[in-house]
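Close look at the chain arrangement
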Amino acid sequence: MTAIKHALQRDIFTPNDERLLGIVNVCKAGKKKKNCFLCATVTTERPVQVKVVKVKKSDKGDFYKRQQTWELRDLTEVDAKDASKENPEFDLHFEKVYRWLASSTAEKNSFISCIWKLNQRYLRKKVEFVNVSSQLLEELPKAEESVPSGESQSVAGGDEDALDDYQELSTREEQDIESMMEMCEYAISNAEAFAEQLSRELQVLDGANIQSIMASEKQVNILMQLLDEALGEVDTIEGKLSSYEEMLQSVKEQMDQISQSNRLIQISNTNNGKLLDEIQFLVNYMDLSKGHIRALQEGDLTSPKGIEACINASEALLQCMNVALRPGHEKLMAVTQQQLLFAELRDTFARRLTNHLNNVFVHQGHDQSSTLSQHTAELTLPKHNPLHRDLLRYAKLMEWLKNTHREKYEGLSRTYVDYMSRLYEREIKDFFEVAKIKMAGTTKEAKGKFATLPRKESALKQDTESLHGSSGKLTGSTSSLNKLTVQGSNSRRSQSSSLLDMGNMSASDLDVADRTKFDKIFEQVLSELEPLCLAEQDFISKFFKLQQHPAVIPPLAQPETEEFDGGAPSRIPPQAEHRHSLSSEKDMVRHMMNKIFQSIETELNSLIALGDKIDSFNSLYMLVKMSHHVWTAENVDPASYLSTTLGNVLVTVKRNFDKCISGQIRQMEEVKISKKSKVGILPFVTNFEEFAELAETIFRNAERRGDLDKAYVKLIRAVFMNVEKVASESQKTPRDVVMMENFHHIFSTLSRLKISCLDAERREAKHKYTEHLQSYVINSLGQPLEKLNHFFEGVEARVAQGVREEEVSYQLAFNKQELRKVIKEYPGKEVKKGLDNLYKKVDKHLCEEESLLQVVWHSMQDEFIRQYKHFEDLIGRCYPGSGITMEFTIQDMLEYFSSIAQSH
């Protein structure tokens, strides 16, 4: 075991600066025996670390390797299993329990004893030993226990000698021994002589030590005497220090009394300063000057200086009332009295201000009403700028009233709305009365109806109601398309692209001047209403301070009635109205505007109904003008009253426009043609042209071009469908002629107006015109050379049945004699006579408006020449070498066509 111990020290622990103190050969209990060694080691460097190392012999050699290491401080318990009997088993409790079986009980006991000693020395008895014999647990020598673990290595050497019979020399010890042996020549050769020399030197040193101790006894006595004298001096000093301490204690008590007095004085000064701050705060923020009090109680609310003084006083009062009081201020009698004074001043001034503004509203309303007479003759609305300018001087006072007295503020808003709604109602009704009289003067029929309108309000109301009643019966266009019959087609005027040439719009006797006058009247109405509404809305926002922050809407700002789904209007009680009031101030402005201008939408709808009744085409003017004004209003403020109202009226105008289009389509479907005269250009085709020319003039650069394009598509499809319907029903005029003439007229109109959305219809009209022109020409040319046509149709039929072309002449019905007989029936004179009759017949079929006679005649000439060439080709192929030719030549035909056209 000693050899193994030396080998482990040399190979494993010395390189790691460790010393091996205890070793035991063990294997794990209850398992296959694989021997290993448990070693107890300490480090040579400070601080000392004690470890338990598991060392195992390598399987491939005689060297050892460290397998596992535990710190001894992690060891909690050592269990020897049995203290009275010999048992090689024992347990070490680290982070878990390790069970070991030693090779002998003696080795186990020696290792446990080493662990116990290390525990006593380095761990201060931390490890618990169980089932261990008391003989093994010997107490360490007192000298060793008193030595701390951090002392020099020489003190620990004795204990280590007890732990082991072998002790290595340290490097310093080796150097000292070597130097001492070098001083003695025989130290190696004669060890006994060297030992005797060392013994003699030790005795010499011991004697020197004893003599030195004896020589110092006298000095020790002198030192003791000096110490006694020093003790006497110390007692004297302690007495003086005690007297000084008593005097300092007295001074301390006096200073404590002074400090206490100073602290009380400081607290008093602090309290006085805080009290002064509170008084200054109350005086500065809760004191209203006499001038302000006088302005609130007696200030002049009519002069600019008086209003300015009242504004400053009200702002000062509001600042005093809104001051944030500190805790406890409300308990002060002076503060309570000031608050009562402020409340009384607030109520007094609010009452004065409310009464004054009520009077201003009433007087201004009456004064404004007195100026209405000067505007009745002209189509203008009175301007309210002076009223607004006078009232805006009180805007800051209204803001003060809004923040301090909500009820009076709401009462003033209701009063303003009531008076202004009555004023505007009178002005707007008079204004629209003048507009209707001027508008009705555009037709003779309207002049008879409206020229004698009374100027009184009651009569205007009755007339307005009658207009409302009749507006539901309007059927769109008054242009009486169904009255235009075929008999009147010859008397129509020629078409022109100029709007000034659009004279009679059917039966309503309107001209360009009438429509221009209506357009100017309607534009002037909208132009007068727009700045009026914008100025009033701007004034309400500024005067009632309703621009940014949300507020509760006064009850009168709400409309009086609400429309429920499918139900009748019902009046909302004021409490519910207030409870459900809108929270946005913009909504409040809009609802106040609805109340003030509640008659605008009704009057506009009445005016629109009148314009539509005078002439349904007026809806085009109204749609363009109203769309432009709606677009302008939405750019200014999409949520404004003007934008909303004009948007609602625009819906009505658009509905009238759609009704106008539907009326025209319906009248197209109801058109009846004469059975005794030729059809010519159908009335609705002419009216579509007039509508398109008028619409293109009106909608030039308009915002609602899309609505017109949709109407165009509906109208043109209806025109196409009804042209085909009339053509199919025509008895006097051939279907191809009706289709050809009308589609040529449509194509010419669309080509001239260049309506981009109708390009496809323009191409379709051209196709239909060309198709029916060709059909009419072919059908008409079959009649002048009827027998010749029938003969060659028979020839082509035989060829189609399989007869060879050169054998056709051998057919009995188609031999050369029969061909000569048929050709002789059509000499040049007879052909010319037939063509002349054909020209007269075509002339009877065609109308003069389209001037298509020469076009058709030229197409017939081309078709006749084509047929002539075809007949000659058949003669050459089916009757070769016969020498048979027609009685007339192509040149003859050209002369016939030319002379007939010139003669007519």
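Preceding this paragraph is the structure being described.
Residue positions are given per chain, counted from 1 along the sequence in the order it is written. Predicted model: local features are reported for residues with pLDDT of at least 70 only, side-chain atom pairs are reported and counted for 80 or more only, and whole-chain, interface and lining totals are derived from all residues. Hydrogens and water molecules were not included; the side-chain quantities draw on all heavy atoms of the structure.

**Focus: the nonpolar core**
- Residue types Ala, Val, Leu, Ile, Met, Phe, Trp, Tyr and Cys, when buried and joined through side-chain atoms within 4.5 Å, form a set referred to as a nonpolar core. Accessible area is worked out with a 1.4 Å probe on protein chains only. A residue is then buried under 20% of its type maximum, exposed over 50%, and partly exposed in between. Within the largest apolar cluster, 175 residues are counted, with the highest numbers of intra-cluster contacts made by Ile540, Val856 and Met860.
- Top element by residues in this core is helix α13 (residues 406-440). It accounts for 13 residues.
- Note on contacts: a residue pair is in contact if any heavy atoms of the two residues lie within 4.5 Å. Ignoring any residue separated from it by four or fewer positions in sequence, one finds Met860 in contact with Tyr776, Val777, Ser780, Leu781, Leu838, Val842 and Phe897.
- Listed in part, the 31 residues of the second largest apolar core include Val24, Ala40, Val50 and Leu92. Helix and strand definitions follow DSSP, with helices as H or I runs of at least four residues and strands as E runs of at least two, each counted in order from the N terminus.

**Here we look at the packing of aromatic side chains**
- We call Phe, Tyr and Trp rings a pair once their centres come within 6.5 Å, taking the six-membered ring for Trp, and we label the pair stacked below 30 degrees between planes, edge-to-face above 60, and tilted otherwise. Applying the stated criterion to the full structure yields 28 aromatic pairs.
- Ring pairing ties together the aromatic residues Phe361, Tyr409, Tyr416, Phe539, Phe543 and Phe544, which thus form one cluster.
- Both a distance and an angle decide whether a charge sits over a ring: NZ of Lys or CZ of Arg must be within 6 Å of the ring centre and within 35 degrees of the ring normal. Its guanidinium or amino end placed over the ring of Phe281, Arg326 lies 4.3 Å from that ring's centre, counting from NZ or CZ.

**Details of the sheet that holds strand β8 (residues 128-130)**
- Pairing in this open sheet of eight strands is mixed, and the strands run β4-β3-β2-β1-β7-β6-β5-β8 from one edge to the other. Lying at the two open borders of the sheet, with one neighbouring strand each, are β4 (64-71) and β8. Neighbour to neighbour, the strand axes of the sheet diverge by 30 degrees on average, direction disregarded.
- In this description, strands pair whenever DSSP reports at least two bridges between them. Bridge analysis of strand β2 (residues 36-43) against strand β3 (residues 50-57) gives six bridges, and the strand direction is antiparallel. Residue pairing across strands places Phe37 opposite Val55, the latter belonging to β3.
- Where helix α1 (residues 2-13) meets the sheet, it contacts β1 (18-28), β2, β3 and β4, and its direction lies at approximately 115 degrees from that of β1.
- Axis lines are fitted through C-alpha atoms, for helices just across the contact stretch, and the angle between N-to-C directions can take any value from 0 to 180 degrees. Against the sheet, helix α2 (residues 105-122) engages β1, β2, β3, β5 (77-79), β6 (89-93), β7 (97-102) and β8, with an angle of about 140 degrees to β1.

**Examining a nonpolar patch on the surface**
- Residues enter patches when they are more than 30% accessible in relative terms and free of salt bridges; like-charged ones are connected within 9 Å and nonpolar ones (Val, Leu, Ile, Met, Phe, Trp, Tyr) within 5 Å. Calculation of accessible area relied on Shrake-Rupley with a 1.4 Å probe; when residues are assessed, cover is drawn exclusively from the protein chains displayed. The salt bridge definition used is simple: a Lys or Arg side-chain nitrogen within 4 Å of an Asp or Glu carboxyl oxygen. A surface patch of nonpolar side chains, amounting to about 360 Å² of accessible area, comprises Val220, Leu223, Met224 and Leu227.
- The residue Val220 is located in helix α7 (residues 217-285) in this model.
- What makes Val220 partly exposed here is its relative accessible area of 42%.

**Notes on the side chain of Asp707**
- Relative to the helices and strands, Asp707 resides in helix α23 (residues 705-729).
- Contact partners of Asp707, with chain neighbours within four places excluded, come to Leu623, Lys654 and Phe657.

**Notes on the side chain of Ser882**
- As for its position among the elements, Ser882 is in the loop between α29 (853-878) and α30 (890-903).
- A relative accessible area of 14% places Ser882 in the buried class.
- Those residues in contact with Ser882 that lie beyond four places of it in its chain are Lys816 and Arg820.

**Structural notes on the pattern of salt bridges**
- Considering all chains together, one arrives at 30 salt bridges under this definition.
- Here Glu689 and Arg752 are joined by a salt bridge, their closest N and O atoms 2.6 Å apart. Taken as a pair, Glu689 in helix α22 (residues 683-698) and Arg752 in helix α24 (residues 735-753) lie far apart in primary sequence, 63 residues in all.
- Look at Glu689 and you get buried, because its relative accessible area is 2%.
- For Arg752, a relative accessible area of 34% corresponds to the partly exposed category.
- In this structure, the salt-bridge partner of Glu818 is Lys821, at a minimum N-O distance of 3.7 Å. Within this pair, Glu818 and its partner Lys821 are both found in helix α27 (residues 816-824), separated by three residues, close to a single helical turn.
- Through salt bridges that share partners, Glu18, Lys51 and Arg66 make up one connected network.

**A closer look at α2**
- In this analysis, the expected span of each helix is defined as 1.5 Å times one less than the number of residues it contains. Taking 1.5 Å of rise per residue, 18 residues should cover 26 Å, and α2 covers 26 Å from first to last C-alpha, within 8% of that figure.
- Along α2, 15 of the 18 residues are buried, which leaves the element largely enclosed by surrounding structure.
- Of the residues one or two after α2, Arg124 is the one with positive phi, at around 50 degrees.

**Observations regarding the packing of helix α9 (residues 304-321) against helix α12 (residues 395-404)**
- As a packed pair, α9 and α12 sit with axes 10 Å apart at the nearest point and diverge in direction by 25 degrees. The orientation of α9 with respect to α12, classified from their angle, is roughly parallel. The crossing of α9 and α12 is left-handed. On α12, the residues touching Ile307, Cys310, Ile311, Ser314, Glu315, Leu317 and Leu318 of α9 are Lys396, Leu397, Trp400, Asn403 and Thr404.
- Here the term charged refers only to Asp, Glu, Lys and Arg, the term nonpolar to Ala, Val, Leu, Ile, Met, Phe, Trp, Tyr, Cys and Pro, and the term polar to all other amino acids, Gly among them. Class assignment of the residues belonging to the contact of α9 with α12 gives a composition of seven nonpolar, three polar and two charged. For classification purposes, angles smaller than 35 degrees are called roughly parallel, those larger than 145 roughly antiparallel, those between 65 and 115 roughly perpendicular, and all remaining angles oblique. Left-handed describes a crossing in which the near helix is turned anticlockwise from the far one by less than a right angle; the clockwise case is right-handed.

**A look at the environment of Val52**
- Within the secondary structure, Val52 is located in strand β3.
- Taking relative accessible area as the criterion, Val52 reaches 1% and is therefore assigned buried.
- In this view, Val52 contacts Cys39, Gln68, Thr69, Trp70, Leu72, Phe94, Phe111 and Ile115; residues no more than four positions away in its chain are not counted.

**A closer look at a negative patch on the surface**
- Taken together, the side chains of Glu173, Glu174, Asp176, Glu178 and Glu182 define an acidic patch exposed on the protein surface.
- Exposure remark for Glu174: the relative accessible area of 39% places this residue in the partly exposed category. Charge assignment: positive for Lys and Arg, negative for Asp and Glu; neither His nor the chain ends contribute. To locate a charge, take atom NZ for lysine, CZ for arginine, CG for aspartate or CD for glutamate.

**Observations concerning the packing of α24 against helix α25 (residues 759-781)**
- At a closest axis distance of 8 Å, the pairing of α24 and α25 adopts a crossing angle of 150 degrees. In terms of axis orientation, α24 runs roughly antiparallel to α25. Relative to α25, the crossing made by α24 is left-handed. The segment α24 lies against α25, with Arg735, Asp736, Val737, Met739, Met740, Phe743, His744, Ile746, Phe747, Leu750 and Ser751 engaging Glu761, Arg762, Ala765, Lys766, Lys768, Tyr769, His772, Leu773, Ser775, Tyr776 and Asn779.
- Of the residues contributing to the contact of α24 with α25, the split by class is eleven nonpolar, five polar and six charged.

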